[in-house]
Amino acid sequence: MRLVRQNGEWVRTVRGRALLVLAALGVGAVASGCASDPDAGAGREHGAPAAHGQQPRLAPPAQALREYAQRLRASQAARAAAAKRWGLAEVPLTAPAAPAAKARPATRKGFEVRGQAELPPVFTTVPTKDKVVFLTVDDGAEKDPAFLRMMSDLKIPYTAFLSDYLVKEDYGYFKRMRDHGVALNNHTLNHRYLPGLSYEAQRHEICGMQDVIERRYGKRPELFRPPYGNYNRDTLRAAKSCGVKAVPLWASEGFADHMEWREWDKDLHPGDIILTHFRGREDWKGTMPDMVRTVLKTVTDRGYAVARLEDYL
């Protein structure tokens, strides 16, 4: 068991899992290794004894520390209640604070095309030493309200890659997603196999979806994922011409009842991108909340937290 700093909070780790330290003695005591109460000693205003049943008045720094600890305690309690409500065996770990400098991922070896250095990089893992992974959800076929509630309740970040032929059935569903801070990115207009198309046809698919997302949701995406993960040089040239900066693929894939792996060791690694889809019982052995439970169990059991992809790129 040891104490580490995570997301600006002191946490106790047990077998790789983080437990928020919210002792009544306050965060400052944990940070210093001192077991004294921040209400005591120099922090207390002299001549200001507490009324019966009330906490003593504190000097501003100590009061701020107390209020911060109370907010942490309330936040962790709410997350634990949400985890129980959604059927999770354990509370998901909290991601650390976003890095001050964002990563510049290189194209994964073997994924290059001719002239790759001048084109958006293609990668499956984001360079980081943080024990975090990134959840991405593709296409937009299933529009399950329970998924939106679950991710909001649990405060799990994720990134969507959308195709217009599915999204247009209910643009409002994805607007609600955006309003909760989810980044909406490009997965083409019609989810076609891009290497089989001409440069101009590929550009229409990619730039057309850029236009839809900007018009409907107010921001032109910088991330693009080709359907099926298939692309050629024309794909990346077209994407760059439409304002795409990077092409994240994936290292593993989540389903309602299992995970599938790209890597030989069938494990997670810092910065791995997890793919899943907007799917329901018609396609899966379960629902989107079932998928979230499967992914979060895998991630949490291995001591990882889910972080926001855009915070690292």
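Whatever comes next refers back to the structure up there.
Structure report, in brief. Everything numeric in this text was worked out from a predicted model, so none of it was measured.

Concerning the overall build of the protein
1) Next: Helix and strand content of the protein: 9 helices and 12 strands.
2) Next: When contacts within the protein are restricted to residue pairs at least 6 apart in sequence, long-range pairs at least 24 apart make up 66% of them.
3) Next: In the structure as shown, the protein presents an accessible area of about 15,600 Å², 50% of it carried by carbon and sulfur atoms.

Describing the packing of aromatic side chains
1) Next: All chains considered together, the criterion is met by 6 aromatic pairs.
2) Next: Ring centres of phenylalanine 147 and phenylalanine 278 lie 6.1 Å apart, and the angle between their planes is 80 degrees; this geometry places the pair in the edge-to-face category. Of this pair, phenylalanine 147 sits in helix H3 (residues 145–154) while phenylalanine 278 sits in the loop between strand S11 (273–277) and helix H8 (288–301), and the two are 131 residues apart along the sequence. Of the two residues examined, phenylalanine 147 and phenylalanine 278, each falls in the buried class.
3) Next: When the ring of tyrosine 173 is compared with that of phenylalanine 174, the centres are 5.0 Å apart and the planes differ by 80 degrees; the resulting orientation is edge-to-face. Taken individually, tyrosine 173 and phenylalanine 174 each receive the classification buried, so the pair is uniform in this respect.
4) Next: In this structure an aromatic cluster arises from ring pairing among Phe147, Tyr158, Tyr173, Phe174 and Phe278.
5) Next: Over the face of the ring belonging to tyrosine 304 we find lysine 131, whose NZ or CZ atom lies 5.0 Å from the ring centre.

As for helix H7 (residues 233–241)
1) Next: For H7, the full list of buried residues reads Thr235, Leu236, Ala238 and Ala239. Angular distribution of buried residues about the axis of H7 spans 160 degrees; they occupy a single face of the element.
2) Next: Tucked inside the fold, the buried residues of H7 contact strand S4 (122–123), helix H6 (199–217) and strand S8 (247–248).
3) Next: Of the residues flanking the end of H7, it is glycine 243, one or two places downstream, whose phi is positive at about 100 degrees.

Structural notes on the environment of aspartate 170
1) Next: Along the chain, the position of aspartate 170 falls in the loop between helix H4 (164–167) and helix H5 (171–179).
2) Next: Classification of aspartate 170 by relative accessible area gives partly exposed; the value is 29%.
3) Next: Put simply, aspartate 170 and lysine 143 are 27 residues apart on the chain and 8.0 Å apart in space, counted from C-alpha to C-alpha.
4) Next: Looking at aspartate 170, its side chain comes within polar contact range of the main-chain nitrogen of tyrosine 173, at 3.2 Å.

Parameters at a glance
- Residues numbered from 1 in each chain as written.
- Predicted model: local features only at pLDDT ≥ 70, side-chain atom pairs only at ≥ 80, totals over all residues.
- Heavy atoms only, no water.
- Helix = DSSP H or I, 4+ residues; strand = E, 2+ residues; numbered from the N terminus.
- Contact = heavy atoms within 4.5 Å.
- Areas by Shrake-Rupley, 256 points an atom, 1.4 Å probe, with all protein chains shown as cover.
- Phe/Tyr/Trp six-rings, centres within 6.5 Å; stacked < 30°, edge-to-face > 60°.
- Buried < 20%, exposed > 50% of the residue type's maximum accessible area, 1.4 Å probe, protein only.
- Lys NZ or Arg CZ within 6 Å of the ring centre and 35° of its normal.
- Arc of directions from axis to C-beta.
- Polar contact = N/O pair within 3.5 Å; in protein donor to acceptor, adjacent residues only side chain to side chain.

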